[in-house]
Amino acid sequence: MKAGDIIRILQKHGLFLESQGVEEDTPLSGKVCVDNRELQEGDIFICIKGLNNDGHSFIGDARARKAALVICEDPFIDLLPSIRVTDSRKATALLAKLYWHDPSSRFRLVGITGTNGKTTTSLLLFRAVRELGLSAGWIGTLGYEINERHFATQHTTPDILELNRIFADMADQGVKYLFMEVSSHALALDRVYGIEFDYCLFTNLSREHLDFHSSMEDYGATKMKLFEGSVGHKSIALINTDDSYGRHIFDDLRQREAFVFSVGNTEADFLIRTDQPSHQASWEQSRFTLQCREGAINIRSPLIGRFNISNLALSAAAMNLMGFEKRQIEQVLNSVQPVRGRFERISNDRGIGVFIDYAHTPDALENVLRASRALEHRRILCLLGAGGDRDSGKRPLMLKAALQFSDAVIISDDNPRSENPNDIIREMVTGSEFWLPWWIIRDRREAIRAILRLAQPGDVVLICGKGHETYQEIEGVRHHFDDAEVARDYLAEVPSLENDDLALPVDRLMLELLFGLPGGENPGYQPPQTLVRISTDSRTIQPNSIFFALKGANFDGHDFLGQVLSDSSILGVGQNDSYSQSNYLKVPDSLQAMASLFRKYLLMFDVYKIALTGSTGKSSTKELLSAVLSAHSPTLKTQANENNLIGLCQTIGRIRPEHRFAIFELGTNAFGEIAALSDVCAPDAGIIINIGPSHLEFLKDENGVYKEKITLFNRPLDIRLFDADDPRFESFKASGKGVGFDEQADFRVGDVSCDDQSCCFTLNSENYFVPHPVPYFAKNASFAIAMALHKGLSTEKIRQALATPVLLDMRLQLERHGDRLLLADCYNANPVSMQSAIEYWHRLEPDKEHFAILGDMLELGASAEMYHDMIGTILSEQGYDDLITVGDLARRYHGQDNPLPACHFQNVEELLSTEILRSLPSGAVILVKGSHSIHLEKLLPLLRKEI
């Protein structure tokens, strides 16, 4: 190469301005350099103005290193032989081409550009040509390949000097076809300037690289540069016109009489057809037909998803234009395997579709999620993040796309690079509705394990953002991390959860956002804090837990915060200002904070939620409903007395991904509590069993109870079930269904018949049986049946489930001890349940002596004396052999004429100090009933003759 050759090629492209000290016949045998540190004597140094450095600053160093020639843009300031040009980047491209003797002219060069699909399309073509036994090369995101040999590169499109060196190496090794990804950076920075492509393919355009390009218009215009050769018929352009910008490119090129063809689903030169029954998408393959002038090309590929159909169609069309036969195209494209990290399926035996994808733009994410939804699926679960030091404007758009096309989303760290990952995720969730199913687990390994744990048979899991990458870049350091590897390892073992572990761990950042707390001031990397348990008891708390310091009537969890916070793995949440530890979060109300957490948590699970309330029979109805639904699918239910806000949180904390139903018993003793509980559990169905005089201390009267209970129905419910025998529910007949004995009931109970072992009844003329001898069980069971029928369970399956006794500890529990019959109901008491218990007790074995041990009915407010007197009247009318009472008001059961009977006791301990219970006849029928706080259960061991 001579200096005159350089001047002439620069003049030909309009880049030459002037020269200094250059003799055109002077041979130049040195290499071309843009990095002064690589210069050796006799080399050519080109001064490029970069983002951080200006090559003109190193001309002095180039002279010291005895460079033979300097090419620059600025006016000459040195005595070295120099050529001044208008654009030194373009000059570099031309000199590289000259230095390496125009290597790309020795093979067919195919360039593929677009936001998404470049890697897949280029590798499809490369592997297809290799499958045909032809020598080929590939250059792209993952490096470059020469036939079977792989090499690493730093950029999708290498810089122009390295690119021409690679070209030369490929030409020397006999490569006949080269398929190359062409990035917008490469086009903007003239890394491919002067290279003559034979075929130019366009995949699509969507938001990406706006940290580099000034706008989408600039981004699109940059992509257009690749296709200028087709205007002069130096290359063939092939455009995906299903993409809106692709249609714009095609129309523009067609108007300029370019050599251009279109690929698409409508009005295209290469028409994609997916309208045949055999074209149905599956987890295993994609099927479609590409109609071209030569006929139909039938594709059946292991690459799945609509976007891959576009990639396959573009590849098939390109091969057709390159002269390959239809038979060859079908043969090779149908055998090419998926590209690593591009909708790559991770096989497993759990019946879930797990895919790894590189999607890291809103459009790519939408495409891959749309493709997932086109597959047979139950739910779509998506994991995503956003990279640091990149276009921050796309971050909220990523989450928006994920939420639009997914059923649940986990947000995790991607490659934070030099940014604080907390700040990245805060930007992602900006503008998103908080009460949607997204959850933060910054630790990507834990996030992948969690989303796979969440998945159930038939679900599709999409792990997005990193695809083929085998590292996670944090503060400039690349740590080994491979999404596919983590997923395979988890799927191979699927470890079980500990009983008290949450199914989804909680990230500290999730809590900060939930509680409205500001981010930290550290702009750099912040390690994630992942917590796996919730605790309100410092005595049993374990490491990696969240401790909520709750205040109660007789306790204050803040008293134990100092002890709890000494373990740095525990995160404390409280409402006191006196703690400054980094593992403490201050909130206005600890209980409301915990409720908010579980409200958000519950959104991530695919479970049909049933909220159930009433004055009596809640627990028995819940147990019966649970028995029926559990026969169909795993069911979560409220345990024991977990019917307040703390208990509801505890119930939700036990949810598991396999649960398909959740039954939440809602209790109340004050206005607003049912609404607050409903906000947390967001039920799909609501059941109000009955309205009676209970918790009147704050609810005042039955109308107050009614007003409080019906707030459950003031929600967008799938179904409302109510007591058809209560005329107050008349207003809900249009929006709900009644259950009861009333002739107009939607679910009419009838023909109730009980013996000492069971109860038979009909519901809408269908016969049912429960192995419980209590008459009111018929109506409670009818609510369970009505709900089960609504959810599609068969009558036979419901009958089978009801035939198994349910455990109702201390709720009208009938026990036989020798010839003594004990009826224990120490869980709760109100006038309705007390009357029902007395009537049932009175009918049991009427020829035997009947003894009642009754306690106070609590929380009846100003009406307490009246209701206790009413029960006294019922007892008098029904009759009994003896009555023992415990509590302040229970003495009124004896009648107002006997204000201080001898068999009345202020508390259980006082009664136990006597011999009265030991002297009860062995053949008696004994009823024990009162509010739980009276603690009549302490009498049961003695009555059972256990002590």
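Everything numeric in this text was worked out from a predicted model, so none of it was measured.

Engineer: What is the right way to look at the side chain of R350 in this model?
Structural biologist: Secondary-structure assignment places R350 in the loop between strand 17 (344-346) and strand 18 (353-357). In this structure R350 is buried but unpaired, with D349 as the nearest side chain of opposite charge at 6.4 Å. Polar contacts involving the side chain of R350 include one to the main-chain carbonyl oxygen of L452, which spans 2.8 Å. Those residues in contact with R350, other than ones at most four positions away along the chain, are L452, R453, A455, Q456, P457, Y490, L491 and V494.

Engineer: How do you make sense of the pattern of salt bridges when you look at a structure like this?
Structural biologist: Pairing between side chains of opposite charge can happen when the charged atoms of each approach one another. Under the defined criterion, the tally for this structure stands at 57 salt bridges. Among the salt bridges present, the one from D35 reaches R37, with a minimum N-O distance of 2.9 Å. Of the charged contacts in the structure, one is a salt bridge between R373 and D407, with a shortest N-O distance of 3.8 Å. With R373 in helix 12 (residues 362-374) and D407 in the loop between helix 13 (395-405) and strand 20 (408-411), this residue pair connects regions lying 34 residues apart in the sequence. Overall, R373 belongs to the partly exposed group, its relative accessible area being 33%. Within the structure, one salt-bridge network assembled from shared partners comprises R378, D459, D606 and R660.

Engineer: Looking at this structure, how should I read the nonpolar core?
Structural biologist: Burial of nonpolar side chains together is a common tendency in soluble globular proteins. Within the largest apolar cluster, 175 residues are counted, with the highest numbers of intra-cluster contacts made by L365, L452 and Y601. Residue contributions to this core peak at nine residues, all from helix 25 (residues 777-790). Beyond its immediate stretch of four places on either side in the chain, Y601 contacts W439, L502, A503, L504, I652 and I655. Of all hydrophobic cores here, the second largest spans 57 residues; its members include I139, L205, I249 and L253.

Engineer: Just checking my understanding: could you explain the pairing of strand 39 (residues 766-770) for this structure?
Structural biologist: Side-chain positions along a regular strand alternate between the two faces of the sheet. Bridge count between strand 38 (residues 759-763) and strand 39: five bridges; the pairing is antiparallel. Directly across from F761, in strand 39, lies its bridge partner Y768.

Engineer: Sorry, what's going on with the sheet that holds strand 5 (residues 82-85) here?
Structural biologist: Note on sheets: strands pair through backbone hydrogen bonds, and any given pair is parallel or antiparallel. Taken together, the five strands give an open sheet; going across it, the order is 1-5-4-3-2, and neighbouring strands pair in mixed fashion. On the outer flanks of this sheet lie strand 1 (16-20) and strand 2 (32-33), each paired with one strand and no other. Sheet strands in contact with helix 3 (residues 88-99) are strand 2, strand 3 (44-46), strand 4 (69-72) and strand 5, and its direction is about 150° off that of strand 3.

Engineer: I'm lost on the sheet that holds strand 27 (residues 533-535) in this one. Help?
Structural biologist: Spatially, the four strands line up as an open sheet ordered 27-28-29-30, and their pairing is parallel. Of all strands in the sheet, those bounded by a partner on one side alone are strand 27 and strand 30 (584-586). For this sheet, the mean angle separating the axes of adjacent strands, direction not counted, is 20°. Pairing geometry for strand 28 (residues 545-548) and strand 29 (residues 571-574), over three bridges, is parallel. Counterpart to I546 in the pairing with strand 29 is L571. The sheet contacts of helix 19 (residues 590-602) involve strand 27, strand 28 and strand 29, and relative to strand 28 the element is tilted by about 140°.

Engineer: Quick question: what am I supposed to make of the environment of E697 here?
Structural biologist: Mapped onto the elements, E697 comes out in helix 23 (residues 696-699). In sequence terms E697 and A862 are 165 residues apart; their C-alpha atoms lie 6.8 Å from each other. In this structure, E697 is in contact with E859, L860 and G861, ignoring residues within four places of it in sequence.

Engineer: Please clarify how the state of the cysteines should be interpreted in this entry.
Structural biologist: The term disulfide refers to a covalent linkage connecting the sulfur atoms of a pair of cysteines. Within this structure, the stated rule accounts for one disulfide. Across the disulfide, C754 is cross-linked to C759 (sulfur-sulfur distance 2.4 Å). Since a negative S-S torsion denotes a left-handed disulfide, the C754-C759 link at about -40° is left-handed. For the unlinked cysteine C649, the closest cysteine sulfur is that of C681, found at 10 Å. On the basis of relative accessible area, C649 is assigned to the buried category, the value being 1%.

Engineer: Can you help me understand the packing of aromatic side chains in this one?
Structural biologist: Two aromatic rings, taken as a pair, are described by how far apart their centres are and by the angle between their planes. Going through the model one piece at a time under the given rule, you end up with 25 aromatic pairs. Between F598 and Y601, the ring centres sit 6.0 Å apart and the planes meet at 80°, which makes this aromatic pair edge-to-face. Pair noted here: F598 and Y601 are both in helix 19, with a separation of three residues, about one helical turn. In terms of burial, F598 and Y601 fall into one category: buried. For the pair F713 and F732, a centre-to-centre distance of 5.0 Å together with 70° between the ring planes defines the contact as edge-to-face. One end of the pair, F713, is in the loop between helix 24 (702-709) and strand 35 (719-723); the other, F732, is in the loop between strand 35 and strand 36 (737-740), with 19 residues separating them in the sequence. As far as burial versus exposure is concerned, F713 and F732 are alike and both buried. Members of the aromatic cluster, each reached through a chain of ring pairs, are Y706, F713, F722, F729 and F732. For the cation-ring pair, K466 lies above Y471, with the distance from its terminal atom to the ring centre recorded as 5.1 Å.

Scoring rules and cut-offs
- Residues numbered from 1 in each chain as written.
- Predicted model: local features only at pLDDT ≥ 70, side-chain atom pairs only at ≥ 80, totals over all residues.
- Heavy atoms only, no water.
- Helix = DSSP H or I, 4+ residues; strand = E, 2+ residues; numbered from the N terminus.
- Buried < 20%, exposed > 50% of the residue type's maximum accessible area, 1.4 Å probe, protein only.
- Lys, Arg positive; Asp, Glu negative; His and termini not counted.
- Salt bridge = Lys/Arg side-chain N within 4 Å of Asp/Glu carboxyl O.
- Polar contact = N/O pair within 3.5 Å; in protein donor to acceptor, adjacent residues only side chain to side chain.
- Contact = heavy atoms within 4.5 Å.
- Core = buried A, V, L, I, M, F, W, Y, C linked by side-chain atoms within 4.5 Å.
- Pairing = 2+ DSSP bridges.
- Axes fitted to C-alpha atoms, helices over the stretch in contact; angles between N-to-C directions.
- Disulfide = S-S within 2.5 Å.
- Phe/Tyr/Trp six-rings, centres within 6.5 Å; stacked < 30°, edge-to-face > 60°.
- Lys NZ or Arg CZ within 6 Å of the ring centre and 35° of its normal.

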